[in-house]
Amino acid sequence: MPIRTASARWQGNLTEGSGTIRTGKGGLEGNYSFKSRFEEGEGTNPEELIGAAHAGCFSMAFSKALADAGTTPTSVETTAKVHLDKTDAGMTVTRIELDTVGEVPGIDEAQFAKLAETAKQNCPISRLLSPGAEITLTTRLTS
C-alpha cells in the first residue's frame, strides 16, 4: 500500500500567524489560522480535515459492507462533526458525530443501521480515532 503524505506551513505566532495545509498530491489545499481553528474565521483547520477523512473513510467502508450484504448503494453521504474541547490535558478532539444518509434499494432500516455500525467499527480512521475520541453514529435510509 502507498504511504500517504500531507504538509503544513505556519508563519508567525499562534494567534496572529497563518498557514497552509496541503495534501501530498495537491487534491486539497487550504489556508488556516487561529481564528479558523478556535473561532469562526475564514479558512480550514486540522479538525475539519480529520472530519473529511473520517467521513470519506466511513462512506467507503459502509458502501463495501452494503455491497457485501447484497445491497449495493446508490449513494452514501456522511457528515462528521469533530468536537475540539478544552480538557485537563489541553485542547483535545473528544467526540466525532457521524451522520450518514444512504440511498440503498432493497434494505430495511434495521439492516441498514446494523451494517453502518459494523462499518463504523471497521473503518480504518474510526479505529485510529476511537481510542481517544467517542464516535457516535446516526443513520437515515432514503428511497
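Treat the numbers as computed from the prediction; the structure is a model and nothing was measured. (Residues numbered from 1 in each chain as written. Predicted model: local features only at pLDDT ≥ 70, side-chain atom pairs only at ≥ 80, totals over all residues. Heavy atoms only, no water.)

## Details of the overall build of the chain
Worth spelling out the cut-off: Secondary structure elements follow DSSP: runs of H or I of four or more residues count as helices, runs of E of two or more count as strands, with numbering from the N terminus. Residue burial is assigned from relative accessible area. The probe radius is 1.4 Å, only protein chains are included, and a residue is buried under 20% of its type maximum, exposed over 50%, and partly exposed in between. By the convention used here, residues are in contact when the closest approach between their heavy atoms is within 4.5 Å. A 1.4 Å probe and the Shrake-Rupley method give the accessible areas. Residues count as covered only by the protein chains that appear here.
Along the chain, the regular secondary structure elements total four helices and six strands. Reading the chain from its N terminus to its C terminus gives the helix and strand order β-β-β-α-α-β-β-α-α-β. Along the longest, intermediate and shortest principal axes, the C-alpha atoms of the chain span 55 × 35 × 30 Å. Burial statistics for the chain: of 143 residues in total, 30% are counted as buried. Contacts spanning at least 24 positions in sequence make up 48% of the contacts within the chain whose residues lie at least 6 apart. Counting only carbon and sulfur atoms, one obtains 51% of the accessible surface of the chain, whose full area is about 9,100 Å².

## Focus on the packing of aromatic side chains
Here is the rule we go by: Stacked, tilted and edge-to-face are the three classes applied to pairs of Phe, Tyr and Trp rings, where Trp contributes its six-membered ring and a pair requires centres within 6.5 Å; stacked means planes under 30 degrees apart, edge-to-face means over 60, and tilted covers the rest.
Inspection of the entire model under this criterion finds four aromatic pairs. When the centroid spacing of 5.1 Å and the interplanar angle of 55 degrees are considered together, the rings of Trp10 and Tyr32 count as tilted. Residue Trp10 is located in strand β1 (residues 6–11), and its partner Tyr32 is located in strand β3 (residues 29–33); the two are separated by 22 residues in the primary sequence. Here Phe58 and Phe62 contribute two aromatic rings whose centre-to-centre distance is 5.5 Å and whose plane-to-plane angle is 35 degrees, an arrangement assigned as tilted.

## Re the sheet that holds strand β4 (residues 75–87)
The line we're drawing: A pair of strands is labelled paired if DSSP reports no fewer than 2 bridges between them. Inter-axis angles, ranging from 0 to 180 degrees, are taken between N-to-C directions of lines fitted to C-alpha atoms, where helices are fitted over the stretch in contact.
Judged by pairing direction, the sheet is mixed, and its three strands sit side by side in the order β4-β5-β6 without closing on themselves. The sheet is open, and its two borders are formed by β4 and β6 (134–142), each paired with just one other strand. Recorded for the sheet is a direction-independent mean angle of 15 degrees between the axes of neighbouring strands. Alignment of strand β5 (residues 90–103) against β6, held across nine bridges, turns out to be parallel. Bridged to Val101 within β6 is Arg140. Across the sheet, helix α2 (residues 46–68) touches β4, β5 and β6, and the angle it forms with β4 is around 145 degrees. Where helix α3 (residues 109–122) meets the sheet, it contacts β5 and β6, and its direction lies at approximately 145 degrees from that of β6.

## What about the domain arrangement of the chain?
Put simply, the rule is: Note: domain ranges come from an automatic or database domain assignment. Note: buried area is the sum, over both parts, of the accessible area (probe 1.4 Å) each one loses when the two are combined. Counted as salt bridges are all cases of a side-chain nitrogen of Lys or Arg within 4 Å of a carboxyl oxygen of Asp or Glu. Definition of a polar contact: a pair of N or O atoms within 3.5 Å, with one able to donate and the other able to accept a hydrogen when the atoms are protein atoms, and with sequence-neighbouring residues admitted only if both atoms are side-chain atoms. Think of it as three bins: nonpolar holds Ala, Val, Leu, Ile, Met, Phe, Trp, Tyr, Cys and Pro, charged holds Asp, Glu, Lys and Arg, and polar takes everything else, Gly as well.
Domain assignment breaks the chain into domain 1 (6–38) and domain 2 (46–141). Relative placement of domain 1 and domain 2: their C-alpha centres are 25 Å apart. Summed over both sides, the interface of domain 1 with domain 2 buries roughly 410 Å², with 77% coming from carbon and sulfur. At the boundary of domain 1 and domain 2, one finds one salt bridge. Across the pair Glu47 and Arg37 runs a salt bridge, and its minimum N-O distance is 2.6 Å. Applying the counting criterion to the domain 1 and domain 2 interface returns one residue pair in polar contact (both at pLDDT 80 or more). Of the residues assigned to the side of domain 1 that touches domain 2, the class counts are three nonpolar, no polar and one charged.

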